[in-house]
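Below, each chain spelled out in residue letters.
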Amino acid sequence: MASNTLYSPRDPALKKRDDFEDILEERRSSSDLRYALRCYVPVVYKGIAPCKPGVLKTAVLQSDRLRHVVAEMSKETGESADVIREEASGILEEMAHRLRLGTVRFFAYSLSKAFKALFQRVRVNEDGIQRLQQSIQEHPVVLLPSHRSYMDFLIMSYILYTYDLSLPVIAAGMDFLGMKIVGEMLRMSGAFFIRRSFGGDKLYWAVFSEYVKTMLRNGYAPIEFFLEGTRSRTCKSLTPKLGLLNIVMEPFFKGEVFDVSLVPISISYERVLEEALYARELLGVPKPKESTSGLLKARKILSEDYGSIHVYFGHPVSLRSLAQGRINRSQYNLLPRHIPRRPSQETQAFVNETAYRLVRLQEENMVLRPWVLVAALLLQNPDGVDMERLVEQTSWLRGLAVSFGAFLDWPDYVSASKAVASSLALHTGLVRTEGGRAQLAMEPKEPGSPEEDLFDRAASVLSCASYRNQILHVFLRPALLGMAMQMAEASRKDDIYSCFSFLRDVFSNEFILCPGGTVQDFDEACYMLTKCAAVHVQKQEVVATEKGQRILSFLTSLFQPFLKGYQVGPAPFLELVDYPRELTCYEALSSDVQKNALAALLRMKVVRKLKV
Amino acid sequence: MFSLTPPQLFGSKKDGVKQAEIQGLLKYGWHTEAMVLTAIRGELVVIPVEWSWLTLSRVLFSRQEVMKWNGWGYSDSRFLFNKKGQAEFTGRRYRLSGMVLPSLKDWFESTFGASLQHKSPATATLNASAVPFPSLNEAFLQDLKSTGIPFSHEAEDRVFRAHGHCLHEIFALREGKFGRVPDLVVWPNCHEDVVKTVDLACRHNVCLIPYGGGTSVSSALECPPDETRCIVSLDTSQMSRILWIDEKNLTAHVEAGIVGQDLERLLNESGYCTGHEPDSMEFSSLGGWVATRASGMKKNVYGNIEDLVVHIKMVCPRGVVEKSCQGPRVSIGPDIHHFIMGSEGTLGVVTEVTIKIRPMPEYQKYGSVVFPNFEQGVACLREVAKQRCAPASIRLMDNAQFQFGHALKPQVSSIFTSFLDGLKKFYITKFKGFDPHHLCVATLLFEGDRERVLQHEKQVYDIAAKFGGLAAGEDNGQRGYMLTFVIAYLRDLGMDYYVIGESFETSVPWDRVLDLCRNVKERIVRECRERGVQFPPLATCRVTQTYDAGACVYFYFAFNYRGLADPVNIYGRVEHAAREEILANGGSLSHHHGVGKLRKHWMPESISDVGIGMLKSVKEYVDPDNIFGSRNLL
């Protein structure tokens with residue numbers, strides 16, 4: 001059953017989480033072919049028999065909404081309604097999925113082979129699966145996985161197939177259609193394709209939203225999309241996009257469905273397949289175009305070890321419970337429901353807040369490997385660190401992370417030295433261990449031009465940073481407080497709060513910080529730091545303790561690269577020429593940081609956009 | 001206390017004394033002279049007027065003689081489980097009376113998880129000593145005595161008029177609990193009596209609550225607990241005469257206290273009817289219909305109360321309000337009738353009404369149609385409404401209600417009938433492939449001249465066929481309507497076995513009917529679960545009226561409350577949630593039950609603050625001292 005508790009800000013460390021099962025284990029011991037051909041009878045929403053894709057298309061084209069939009073456009077443009085309807089039909093043809101069990105079985109077979117080659121384990125929380133199964137029968141379900149890799153939606157469908165759950169229909173970018181055969185195969189395994197941008201295209205929007213809503217209303221299948229909109233190249237969550245979330249919520253607001261279950265899903269990779277590509281992309285090398293030949297060339301990744309994947313199905317969140325007392329549904333009473341209209345401000349605020357909450361839920365259940373801690377420490381020690389010291393620091397950091405509620409995949413029986421050693425072993429491309437010291441692998445194998453060297457160094461720093469980024473959400477709020485204390489240069493709570501609020505505002509494009517949640521975040525940060533005895537929070541003052549120095553200095557230096565990145569703004573390159581060892585500045589080269597910094601400056605009206 | 005002159009026996013109803021003859025007598029002023037004509041235990045008697053306001057009045061005007069004091073309807077009619085565990089309906093008043101209903105027990109036990117072993121009986125008799133002592137306004141009483149209008153402050157009379165039929169009201173009575181009850185009951189006999197009473201009430205600052213049939217389901221009759229003034233229940237039951245019939249214009253002028261079934265019966269004697277048949281028509285009064293904006297089952301032919309009323313006379317603290325002509329339609333500013341209709345006793349007492357009448361229909365025919373599912377049924381009703389060919393009544397029951405109706409089937413008399421029933425069931429479920437857990441039934445009632453009815457019937461069945469509907473016979477139709485009249489009795493049976501329930505209604509645009517029905521039922525189920533109700537509730541609905549732009553939807557909701565400490569409170573919360581769901585889904589606050597005190601919480605959002613202000617300013621002008629202090633509506 002869906003619950004309405006999103007997260008409790010109080011004591012995240014006490015959060016109870018489910019255990020995992022490895023679904024590849026069975027695949028390694030039994031026939032993949034038989035698995036792909038087995039009887040597949042998923043449970044469905046309230047016993048409704050799923051209709052054929054063709055029926056679905058007709059329903060969309062004949063919907064009141066679409067008829068209304070077609071008639072309006074015809075009036076506006078003078079074009080005949082038939083022509084517009086034809087156009088709509090074309091859009092739908094391009095968009096719609098054509099789920100076929102045969103294709104699904106093909107994927108089930110080939111993915112089994114691929115996963116076994118790529119990963120040691122694919123681990124899933126079965127309790128979450130059970131909750132999902134329950135939800136699917138009760139209400140329309142929306143699956144909201146985190147997005148780090150192209151693998152995400154393949155994994156999702158694969159898991160649902162494995163557990164005999166309804167296969168989702170997945171919102172995918174149009175780019176995939178560029179891939180011959182593969183694009184169509186994805187379509188037949190449940191993907192539907194939407195253009196990246198269709199700003200003013202009323203007809204496109206109408207077809208698209210009606211298509212999604214029709215599927216949702218009649219409980220055709222779970223709908224899956226990525227709140228973050230695109231793969232995060234940096235391994236930290238992206239601020240959510242609201243378009244699709246708005247669409248899936250509308251049937252509830254208008255009373256067309258009783259409730260909608262929103263299921264946050266966290267997919268964590270020990271090593272992302274696109275690791276190397278991402279760092280290059282962040283440094284400005286354009287993303288390779290999706291193509292079938294590119295995919296075939298990428299076969300070589302099959303020979304590498306990508307460790308484990310953890311997939312955590314969170315508690316389904318009842319939209320009805322969330323909206324209780326927030327959304328007055330009777331505002332929809334006075335307009336026929338098929339006439340589109342702009343959502344009210346309260347609705348927009350609600351959707352936005354919900355989106356942030358859901359992304360936070362994804363973050364919270366991301367499984368973190370010990371390597372993430374090691375990467376964070378290495379980045380703070382550019383000159384390398386003694387193994388002994390590294391082990392000690394990692395062990396300390398582990399304690400801190402756990403007390404802040406991190407979901408660490410580090411069983412008690414594994415000692416710190418072992419954990420550090422095996423982490424370093426899996427990531428030999430990024431670290432060098434020599435003479436009892438560990439150091440980021442910065443020196444290029446073959447020296448080239450200074451620019452090339454710089455590029456290579458930055459790429460490896462960014463790769464390493466992408467691991468550290470995975471744990472930032474755990475430390476974000478306390479770190480903001482730490483930075484605010486430094487900034488305020490006084491211990492008055494009001495001053496610190498206003499610095500905190502400022503920093504939060506600055507970084508709200510960079511991290512998942514829900515607008516309007518400053519007070520709550522401040523309280524949360526105070527609570528967490530008080531709990532680990534790093535600060536004393538009094539009525540008027542916030543004071544750092546003796547013991548807290550280490551924690552606070554760790555936290556501030558953890559976020560130093562971002563602070564630096566936002567400070568240097570457009571001129572990091574120059575600085576790097578002068579101080580090539582200043583690690584933090586390499587991160588300022590990341591196009592992601594630059595983009596976010598610029599967005600923040602624009603938002604805060606520090607700079608203005610001029611059309612050139 | 002007083003020695004009575006023995007009442008002079010005038011003649012009893014059983015002896016065939018015609019109501020009209022008695023009315024004639026009354027018209028000639030019997031009651032204003034030395035004697036009063038009235039009824040004691042069904043006998044008509046004449047007594048000296050000077051006694052009538054004293055102890056006698058209790059016996060004189062007590063409905064509780066024939067009606068239950070803590071449940072619905074006639075004392076002789078009730079459901080019970082006999083020694084064999086079979087359900088029976090007692091009495092002789094209804095078609096079901098005296099019959100055994102073999103499937104009711106199974107339905108009852110399986111639907112609610114109830115058991116005949118677990119009884120929750122009501123307090124048998126009214127314990128007068130538990131009723132709060134009346135706080136009387138002596139000056140008012142003194143003046144009232146001088147008018148000769150009968151009154152009483154007996155506990156039984158006061159308790160009887162202190163409630164309607166909301167679940168919490170009946171539940172409290174069954175437990176023998178009494179809250180604030182009226183301090184006095186008065187029985188004005190005519191318009192002038194009401195004028196006098198209201199006048200005295202104003203003079204002595206006494207709170208008046210008009211009482212008609214007592215069938216309110218909106219807490220409208222509940223006395224405000226914090227009312228410190230003397231509360232007087234103004235019982236209109238003695239004002240029940242048809243004052244004239246105008247055959248040229250087809251209108252009748254009737255006193256507002258007349259009860260629905262009497263009105264129809266008396267008009268029928270002259271060959272007429274009003275055709276206004278709300279489900280409560282056995283007990284509800286004309287004045288009550290006007291005051292709550294009532295709706296009748298056959299409104300498709302005859303209209304709702306607002307269509308039927310031609311002229312209204314109402315006594316307010318400010319004076320008497322009425323129009324000066326009986327023009328069929330006027331354009332003289334906002335219609336003052338619409339201040340009166342729906343005023344729910346907050347502005348004054350309706351005393352006389354001119355109402356449209358029609359010649360009695362030549363022919364009546366019931367009918368029914370089975371649909372494969374509720375969606376198809378609603379689509380059919382929508383089409384019927386679109387073509388404006390709705391029969392006098394058309395109602396669509398959902399599957400749960402269809403099964404409920406089936407549980408009320410009396411024992412079949414012959415093997416042949418049971419064989420036929422089996423055959424019918426086989427045809428519908430096996431041959432036509434209807435899923436017994438999804439199919440639903442529409443019940444129909446046609447009225448008019450024979451030929452037209454048959455033609456009309458064909459038209460409706462043809463439309464139904466387009467939506468997969470199969471004609472399912474007159475009997476099913478008739479049983480559907482019978483359910484309406486006995487459902488309130490069934491609630492009393494449920495309450496004997498830990499089951500509580502109630503009905504509520506709304507009206508909603510056509511395009512939202514299905515969504516509203518589904519969401520409200522689901523909300524009920526969910527709320528019950530979340531509030532710790534141990535058994536799944538019964539949540540069922542039917543579409544009972546069709547309009548051009550929408551429909552009226554009626555919900556039944558009941559659950560087994562074993563294991564709950566405060567069932568009535570939980571019931572109230574679930575009903576509140578259900579109403580919120582209705583409003584969120586585009587439904588209205590009420591189609592015909594009214595607002596009362598139960599739903600007034602939602603009035604501002606229903607009619608806007610300015611709307612509230614409009615009503616308030618009328619109230620302030622008409623009744624500045626809040627003499628009509630029931631505090632309904634606003």
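So, how was this worked out
- Residues numbered from 1 in each chain as written.
- Chains lettered and ligands numbered in written order.
- Predicted model: local features only at pLDDT ≥ 70, side-chain atom pairs only at ≥ 80, totals over all residues.
- Heavy atoms only, no water.
- UniProt positions renumbered as here; feature names shortened; annotations may be inferred.
- Helix = DSSP H or I, 4+ residues; strand = E, 2+ residues; numbered from the N terminus.
- Patch = residues over 30% accessible without salt bridge, like charges linked within 9 Å, V, L, I, M, F, W, Y side chains within 5 Å.
- Areas by Shrake-Rupley, 256 points an atom, 1.4 Å probe, with all protein chains shown as cover.
- Salt bridge = Lys/Arg side-chain N within 4 Å of Asp/Glu carboxyl O.
- Buried < 20%, exposed > 50% of the residue type's maximum accessible area, 1.4 Å probe, protein only.
- Polar contact = N/O pair within 3.5 Å; in protein donor to acceptor, adjacent residues only side chain to side chain.
- Contact = heavy atoms within 4.5 Å.
- pLDDT = per-residue confidence, 0-100.
- Core = buried A, V, L, I, M, F, W, Y, C linked by side-chain atoms within 4.5 Å.
- Pairing = 2+ DSSP bridges.

An unreviewed UniProt entry lists chain B under the name Alkylglycerone-phosphate synthase, from Scleropages formosus. The UniProt entry for chain B carries the following text under Cofactor (unreviewed entry): "FAD". The heading Subunit (unreviewed entry) in the UniProt record of chain B holds the text "Homodimer."

Naming follows an unreviewed UniProt entry, where chain A appears as Glyceronephosphate O-acyltransferase of Scleropages formosus. The UniProt entry for chain A carries this comment under Subcellular location (unreviewed entry): "Membrane". Annotation of chain A in UniProt includes, under Pathway (unreviewed entry), the sentence "Phospholipid metabolism."

J.: I tried to follow the UniProt feature "domain: Phospholipid/glycerol acyltransferase" (unreviewed entry) in chain A on my own but got confused; where do I start?
T.: Here, UniProt's "domain: Phospholipid/glycerol acyltransferase" (unreviewed entry) annotation points to residues 141–270 of chain A. From the first C-alpha to the last, residues 141–270 of chain A spans 28 Å; its make-up is 35% helix and 19% strand.

J.: What is the right way to look at a nonpolar patch on the surface in this model?
T.: Taken together, the side chains of A:Leu598, A:Leu601, A:Leu602, A:Val606 and A:Val607 make up a nonpolar region of the molecular surface, amounting to roughly 380 Å² of accessible area. Accessibility expressed as a relative area gives 57% for A:Val606, which makes it exposed.

J.: Can you walk me through the side chain of A:Arg27 in this structure?
T.: Residue and element names in this part refer to chain A. Tracing the backbone shows Arg 27 in helix H1 (residues 24–29). Taking relative accessible area as the criterion, Arg 27 reaches 4% and is therefore assigned buried. A distance of 3.3 Å separates the side chain of Arg 27 from the backbone oxygen of Ser 31, its partner in a polar contact. Among all residues touching Arg 27, those that are not within four sequence positions of it are Asp 32, Tyr 35, Ser 112, Lys 116 and Tyr 158.

J.: How should the confidence of the model for chain A be read in this particular structure?
T.: Should the pLDDT be low somewhere, the predicted coordinates at that spot are not to be read in detail. Residue and element names in this part refer to chain A. Here chain A averages 86 in pLDDT, and 92% of its residues register 70 or above. A low-confidence stretch, residues 1–9 (pLDDT under 50), is modelled with 23 contacts involving residues beyond four sequence positions or located in other chains. pLDDT under 50 marks residues 572–577. Its contacts with residues more than four places away, or in other chains, come to 12 contacts.

J.: Whenever I open this one, the nonpolar core confuses me. Can you help?
T.: The tendency in soluble globular proteins is for nonpolar side chains to be buried side by side. Residues and elements named next belong to chain A. Membership of the largest hydrophobic core comes to 111 residues, with the highest contact counts inside it found for Phe 119, Phe 192, Phe 208, Phe 225 and Phe 313. When residues no more than four places from it in sequence are discounted, the contact partners of Phe 313 are Val 124, Asn 125, Gly 128, Ile 129, Arg 131, Leu 132, Met 156, Ile 159, Leu 160, Pro 264 and Ile 265. Leu 400, Ala 401, Phe 507 and Ala 600 belong to the second-largest nonpolar core, a separate cluster that totals 82 residues.

J.: How should the sheet that holds strand S4 (residues 79–81) of chain B be read in this particular structure?
T.: Hydrogen bonds between backbone groups are what pair the strands of a sheet, and the pairing can be parallel or antiparallel. Residues and elements named next belong to chain B. Within the open sheet, the three strands sit side by side as S4-S5-S6. Their pairing is antiparallel. Looking at strand neighbours, the two that pair on one side only are S4 and strand S6 (100–101), the edges of this open sheet. Bridging between S4 and strand S5 (residues 87–89) involves three bridges; their strand directions are antiparallel. Bridging from a neighbouring strand, Phe 81 pairs with Ala 87 of S5.

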